[in-house]
Amino acid sequence: MDVSCAFPTALSSPDDIALAERLGYHRAWVYDTPQQSPDVWMTLALAADRTERIGLGPGVLVPSLRHPMVNAAATATLAALAPGRVAVAFGTGFSGRRAMGYGAVKWAFMEAYIRAYRGLLRGEVVEWEGAQMRMLHPDGHAPARPVDVPVLVGALGPKGNKVARELGDGLFATLAPPEFMTEHSWVPYLEWGTVLDEDEDDSSEHARVAGGPGWALSFHGAYEFGGPDAVRALPGGEEWLKVVEAVPQERRHLAVHSGHCVELSAADEAAWRAGGSSTLREVTLSGTRDQIRRKLDDYRERGVTEIVFQPCGPDTKRELERFLEASTS
């Protein structure tokens, strides 16, 4: 199993990716979340200039945020800056859409988008929004077509798996490992968490700042996919809902996704203090070194070929070092 990393795109991400390369990580993925992040392509270009070996890619691009020609041109640019190191993953948009008040992209749109995007990179004339177009970049403006970049598709259910099998080179998985992972030869699985000391309590300050942002996704996901009742079933759920539901309905998504994958929001803090931290090891890749190794063995048996770890908290270097040691020793 390859050991990769991910970052919620930030101004520090190019330097964080350079650090990950020095430590020995296989690939670095960054998020396409414009409501809270700098531009994913600018960030990857800076990272390409500061690295030599590590794989690079957006994980995941949300199609509705850009015209397929824009993403194709950006992909070609990054492929020129980091030849042989680029992979691109697409998803329907969790924080990339829901944090702005939209629902997920429909799979019919996703399929049409990826077909157009891949056709453009091959140098074909494609039709989009009733118009025919092709990449017209002269020499020196982009690599010659075809631009061969592997594409992964983020999917949780059968509709997404069908698109991944037909149009993708692999499956990009997160949140809950789907049963169909074994159908794909390349499966990066995105996880959050932290390596805990043998005698460290789940509610420690280190656990809160380093594991808490990933743990909070269990509330964000429960609310988005299952509604308030799903949240109430979680330890600390009532306290989380009190904070979120104090916000007017039309702006409630802002409270749900505030600090997403970076820090605990006011609602997350309320749930953590109310005992929610008791599920940390259950809902994230957190635990002692031995516990993390056992989880990774389980993921490998279920079809994961690349674990993708996102560090959180103020000490990125420490989190990356400890996870790499736990996962490779």
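About the criteria used
- Residues numbered from 1 in each chain as written.
- Predicted model: local features only at pLDDT ≥ 70, side-chain atom pairs only at ≥ 80, totals over all residues.
- Heavy atoms only, no water.
- Helix = DSSP H or I, 4+ residues; strand = E, 2+ residues; numbered from the N terminus.
- Rg over C-alpha atoms; globule rule 2.2 N^0.38 Å.
- Contact = heavy atoms within 4.5 Å.
- Areas by Shrake-Rupley, 256 points an atom, 1.4 Å probe, with all protein chains shown as cover.
- Lys, Arg positive; Asp, Glu negative; His and termini not counted.
- Charge placed at Lys NZ, Arg CZ, Asp CG, Glu CD.
- Buried < 20%, exposed > 50% of the residue type's maximum accessible area, 1.4 Å probe, protein only.
- Axes fitted to C-alpha atoms, helices over the stretch in contact; angles between N-to-C directions.
- Parallel < 35°, antiparallel > 145°, perpendicular 65-115°, else oblique.
- Left-handed = near helix turned anticlockwise from the far one by under 90°.
- Arc of directions from axis to C-beta.
- Pairing = 2+ DSSP bridges.
- Right-handed = clockwise from strand over helix to strand, strands pointing away.
- Salt bridge = Lys/Arg side-chain N within 4 Å of Asp/Glu carboxyl O.

(A) Summary view of the overall build of the chain. Per the secondary structure count, the chain includes 14 helices and 10 strands. Relative to the compact-globule value of 20 Å for 329 residues, the chain shows a C-alpha radius of gyration of 20 Å, a close match. Principal-axis analysis of the C-alpha atoms gives the chain an extent of 60 × 45 × 35 Å. The long-range fraction of contacts in the chain, counting pairs at least 24 apart against all pairs at least 6 apart in sequence, stands at 68%. Within the structure as shown, the chain displays about 14,100 Å² of accessible surface, and the carbon and sulfur contribution to it stands at 50%. Computing the positive centroid from 33 side-chain charges and the negative centroid from 45, the chain places the two 4 Å apart.

(B) Looking closely at helix 11 (residues 266-273). In terms of residue burial, helix 11 counts as a mostly covered element, since six of its eight residues are buried. Every buried residue of helix 11 is listed here: Ala267, Asp268, Glu269, Ala270, Ala271 and Trp272. Looking at the buried side of helix 11, the elements it contacts are helix 7 (205-226), helix 9 (237-244) and helix 12 (280-283). Taken from the residues just after helix 11, Gly275 is the one with a positive phi, measuring 105°.

(C) Structural context of the packing of helix 13 (residues 289-301) against helix 14 (residues 316-328). Put simply, helix 13 and helix 14 touch, their axes get as near as 8 Å, and they point 60° apart. Here helix 14 runs oblique to helix 13, going by the angle between their axes. Taken as a pair, helix 13 and helix 14 cross one another with a handedness that is right-handed. Within the contact between the two elements, helix 13 uses Arg289, Ile292, Arg293 and Leu296 and helix 14 uses Arg322, Phe323, Glu325, Ala326 and Ser327.

(D) A look at helix 2 (residues 40-50). Of the residues making up helix 2, those classed as buried are Val40, Trp41, Thr43, Leu44, Ala47 and Ala48. Looking straight down helix 2, one finds its buried side chains confined to an arc of 155°; they lie on one side. Across helix 2 from its buried face, at more than 90 degrees, point the exposed residues Met42 and Asp49. Residues of helix 2 that are buried sit in contact with helix 1 (13-23), strand 2 (27-30), strand 3 (55-58), helix 3 (68-81) and strand 4 (88-90).

(E) Looking closely at the pairing of strand 7 (residues 151-154). Side chains Val151 and Val153 of strand 7 all project onto a buried face; the interleaved residues Leu152 and Gly154 project onto the opposite face, where all are buried too. Sheet topology note: the strand 4/strand 7 ladder contains three bridges and is parallel. The residue bridging Ala89 from the neighbouring strand is Leu152, located in strand 7. Remark: the strand 7/helix 6 (residues 158-167)/strand 8 (residues 170-174) crossover connection has right-handed handedness.

(F) Structural detail: the pattern of salt bridges. Taken as a whole, this structure holds 23 salt bridges when the rule is applied. For the salt bridge of Glu205 with Arg208, the shortest nitrogen-to-oxygen distance reads 2.7 Å. With Glu205 and Arg208 both in helix 7 and three residues apart, this pair spans about one turn of that helix. The residue Glu325 makes a salt bridge to Arg289 at a minimum N-O spacing of 2.7 Å. In this pair, Glu325 sits in helix 14 while Arg289 sits in helix 13, placing the two residues 36 residues apart along the sequence. Residue class for Arg289 comes out partly exposed when judged on its relative accessible area of 27%. One salt-bridge network, in which partners are shared between bridges, spans Glu111, Arg115, Lys162 and Glu166.

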